[in-house]
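Observations on the model geometry
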Amino acid sequence: MYAKCGKLWKAQAVFTELPVQDVISWNALIEGYIQHGKGIDALKCFEHVQSDGVSPNAVTFTCAVKACSCIKAINKGKQLHKEIVNRGLLEKSIELGNSLVSMYAKCGDLERAQEVLNGLPVRDVVSWSALIGGYIHKGHCGHALTAFERMKQDSVSPNRLTFICILKACSIIGELDKGKQVHEEIIGRGLLENNID
């Protein structure tokens, strides 16, 4: 509660007073740091988890990967990725896989983001949207449109964020016809009724 409300010093104080600091309490503290843009502090907590002999779980690794994404610490992210693979955690957690795709995309390693996405046992709209957003951020709008088509071939339904990204890509590279198709799809899904984005 304190971490989510931004009272990180209070969350840390309560955490320190706990008789047992288990993986769940560590995850809550790490996630609080991430939510408030303190990726370095989150990674420090992650290091303490391991040094304190607590076994990190998929949620802990997801938080650590998000921290790497937040501060663009791609080398640390790559280390975490290896450890995640060695522990076999990607088969058990779609959110962890999505975090890795997002981390690589936000750090500009789009080739690795695509490789991770391709290797995921399950791909959802979050993983695809992270890759598409990464392509657009780096100015590779054609690749974003290709990924959008692959996503639909993968039977993954786009969400509001995906459509926003694709419309942005269409406008950047002047793909009017594709933009019209996407617009029609948005109308067909009734997404304009409650969204002004």
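This report concerns the structure included in the present document. Residue positions are given per chain, counting from 1 as you read along its sequence in written order. Given that the model is predicted, a residue must reach a pLDDT of at least 70 before its local features are reported, and side-chain atom pairs must reach 80 or more before they are shown or counted; all residues, however, enter totals for whole chains, interfaces and linings. Hydrogens are left out, water is left out, and the side-chain values use all remaining heavy atoms of the structure.

**Topic: the pattern of salt bridges**
Salt bridge, as used here, is a side-chain nitrogen of Lys or Arg placed within 4 Å of a carboxyl oxygen of Asp or Glu. One pass over the structure, following the stated rule, counts 8 salt bridges. Of the charged contacts in the structure, one is a salt bridge between R123 and D154, with a shortest N-O distance of 2.9 Å. Within this pair, whereas R123 is found in the loop between helix 7 (110–119) and helix 8 (125–137), its partner D154 is found in the loop between helix 9 (141–153) and helix 10 (160–173), the two being separated by 31 residues in sequence. What makes R123 partly exposed here is its relative accessible area of 25%. Counting from the N terminus, the helices are the DSSP runs of H or I reaching at least four residues and the strands are the DSSP runs of E reaching at least two. Any residue under 20% of the maximum accessible area for its type is buried, any over 50% is exposed, and the rest in between are partly exposed; the area is computed with a 1.4 Å probe on protein chains only.

**Description of a nonpolar patch on the surface**
On the surface, a nonpolar cluster with roughly 360 Å² of combined accessible area is contributed by M1, Y2, V14 and L18. Relative to the elements of secondary structure, V14 occurs in helix 1 (residues 8–17). Residue classification places V14 among the partly exposed positions, given a relative accessible area of 32%. The patches reported here contain residues having more than 30% relative accessible area and no salt bridge. Joining distances are 9 Å for like charges and 5 Å for nonpolar side chains (Val, Leu, Ile, Met, Phe, Trp, Tyr). Where accessible areas are quoted, they stem from the Shrake-Rupley method and a 1.4 Å probe; at the residue level, only the protein chains shown are allowed to cover.

**Examining helix 7**
Those residues of helix 7 lying buried are L110, A113, Q114, V116 and L117. All buried residues of helix 7 project into a common sector of 160 degrees when viewed along the axis, lining one side. In helix 7, the exposed residues that point more than 90 degrees away from the buried face are E111 and G119. Residues of helix 7 that are buried sit in contact with helix 5 (74–86), helix 6 (94–106), helix 8 and helix 9. By arc we mean the arc of the directions from the helix axis to the C-beta atoms, nothing more. Note on contacts: a residue pair is in contact if any heavy atoms of the two residues lie within 4.5 Å.

**Here's the deal with the packing of helix 7 against helix 8**
Axes here mean lines fitted to C-alpha atoms, for a helix over just the part in contact, with angles spanning 0 to 180 degrees between N-to-C directions. At a minimum axis distance of 10 Å, the contact between helix 7 and helix 8 shows a crossing angle of 165 degrees. By the criterion of interaxial angle, the relationship of helix 7 to helix 8 is roughly antiparallel. Crossing hand, helix 7 versus helix 8: left-handed. Packed against helix 7, whose contacting residues are L110, A113, Q114 and L117, the element helix 8 presents S127, W128, L131, G134 and Y135 at the interface. Any angle that is under 35 degrees is reported as roughly parallel, and any over 145 degrees as roughly antiparallel; angles of 65 to 115 degrees are reported as roughly perpendicular and all others as oblique. The hand of a helix crossing depends on one turn: near helix anticlockwise from the far one by less than a right angle means left-handed, and clockwise means right-handed.

**Observations regarding the nonpolar core**
Only buried residues count toward a nonpolar core. Its members are Ala, Val, Leu, Ile, Met, Phe, Trp, Tyr and Cys residues joined through side-chain atoms within 4.5 Å. Residues I84 and I132 are the most contacted members of the largest nonpolar core, which totals 60 residues. Beyond its immediate sequence surroundings of up to four residues, I84 is in contact with F61, V65, L89, L90, L96 and L100.

**Looking at helix 2 (residues 23–35)**
The α-helix winds at 3.6 residues per turn, so residues separated by three or four positions along the chain end up facing the same way. Under the 1.5 Å per step criterion, the end-to-end length of helix 2 is 18 Å for 13 residues, consistent within 8% with the ideal 18 Å. When we look at burial in helix 2, the residues that qualify are V23, S25, W26, N27, L29, I30, G32, Y33 and I34. Those residues of helix 2 that are buried lie in contact with helix 1, helix 3 (39–51) and helix 4 (58–71). Downstream of helix 2 by a residue or two, G37 has a phi angle that is positive, lying close to 70 degrees. Under the convention used throughout, the expected extent of a helix is 1.5 Å for every residue step, that is, one less than its residue count.

**Looking at the packing of helix 9 against helix 10**
Where helix 9 contacts helix 10, the axes come no closer than 9 Å and their chain directions differ by 140 degrees. Considered as vectors, helix 9 and helix 10 are oriented oblique to each other. Our pair here, helix 9 against helix 10, has a crossing hand that is left-handed. Contacts from C141, G142, A144, L145, F148 and M151 of helix 9 reach helix 10 at T162, F163, I166, A169, C170, I172 and I173.

**Remarks on unusual backbone geometry**
The phi torsion at K72 lies on the positive side, around 60 degrees, for a residue other than glycine. Mapped onto the fold, K72 is located in the loop between helix 4 and helix 5. Within the chain, S155 stands out as a residue other than glycine whose phi angle is a positive 60 degrees. Considering the arrangement of structural elements, one finds S155 in the loop between helix 9 and helix 10.

**Here we look at the packing of aromatic side chains**
Pairing of aromatic side chains here covers Phe, Tyr and the six-membered ring of Trp, requires ring centres within 6.5 Å, and sorts the geometry by plane angle: under 30 degrees stacked, over 60 edge-to-face, intermediate tilted. On inspection of all chains with the given rule, the structure shows 3 aromatic pairs. On the basis of an interplanar angle of 65 degrees and a centroid distance of 4.5 Å, the ring pair of F15 and W26 is categorised as edge-to-face. Linking F15 in helix 1 with W26 in helix 2, this pair joins segments that are 11 residues apart in sequence. Residues F15 and W26 agree in their burial class; the two are buried. With a centroid separation of 5.4 Å and an interplanar angle of 65 degrees, the aromatic rings of F46 and F61 are classed as edge-to-face.

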